[in-house]
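# Fold and contact review
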Amino acid sequence: MKIGKALKLCRSAKDLSLEAVAERAGISVSYLSRLENDKREPTLSIVGKVADALGVPTAVVVFLASEAHELKGLDKKTEKRFAELALDLMRQT
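So, here's what we can say about the structure. (Residues numbered from 1 in each chain as written. Predicted model: local features only at pLDDT ≥ 70, side-chain atom pairs only at ≥ 80, totals over all residues. Heavy atoms only, no water.)

To continue, consider the side chain of Ser-66. Relative to the assigned elements, Ser-66 resides in the loop between helix 5 (58-65) and helix 6 (76-92). Here the side chain of Ser-66 touches Val-62 through a polar contact of 2.8 Å, landing on its backbone oxygen. Excluding residues that lie within four positions of it along the chain, Ser-66 makes contacts with Met-1 and Leu-71. (Helix = DSSP H or I, 4+ residues; strand = E, 2+ residues; numbered from the N terminus. Polar contact = N/O pair within 3.5 Å; in protein donor to acceptor, adjacent residues only side chain to side chain. Contact = heavy atoms within 4.5 Å.)

Given below as structure tokens:
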């Protein structure tokens, strides 16, 4: 699972700075940066706080973080379409 990549993707899709998201989540900018660069492994609680700060459901972050072998039963086309839909929804809010 690539939680850091998903957090960064969501933050970029929302056009938010590290500073803004970190402040909303109640964590330091350096910690959020380390999370996004997969240098720290967040707890589910932290993922939830950052997801809330991004205005994105935690489930969407987890889905976007999932690797192919973790999405059993989904073909590549469906997986890609779900990811596109999730990002489109984020951009609309």
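Next, the rest of the story.
A word on the pattern of salt bridges. Counted under the stated rule, the structure contains one salt bridge. Two residues, Glu-36 and Arg-11, come together in a salt bridge whose shortest N-O distance is 2.6 Å. You can see Glu-36 sitting in helix 3 (residues 29-36) and its partner Arg-11 sitting in helix 1 (residues 3-13), a full 25 residues away along the chain. (Salt bridge = Lys/Arg side-chain N within 4 Å of Asp/Glu carboxyl O.)

On to the nonpolar core. One finds Ile-27, Leu-32, Val-50, Leu-54 and Val-61 to be the most contacted residues of the largest nonpolar core, which totals 28 residues. Counting only elements with at least two residues in this core, the list comes to helix 1, helix 2 (18-25), helix 3, helix 4 (44-54), helix 5 and helix 6. The element contributing the most residues to this core is helix 4, with six residues. In contact with Val-50, other than residues within four places in its own chain, are Leu-7, Val-21, Ala-25, Ile-27 and Leu-32. (Core = buried A, V, L, I, M, F, W, Y, C linked by side-chain atoms within 4.5 Å. Buried < 20%, exposed > 50% of the residue type's maximum accessible area, 1.4 Å probe, protein only.)

Tracing the backbone shows Leu-71 in the loop between helix 5 and helix 6. Here Leu-71 falls in the buried class, since its relative accessible area comes to 10%. Along the backbone, Leu-71 and Leu-16 are 55 residues apart, and their C-alpha atoms lie at a distance of 28 Å. With residues near it in sequence (within four places) discarded, Leu-71 still touches Phe-63, Ser-66 and Glu-79.

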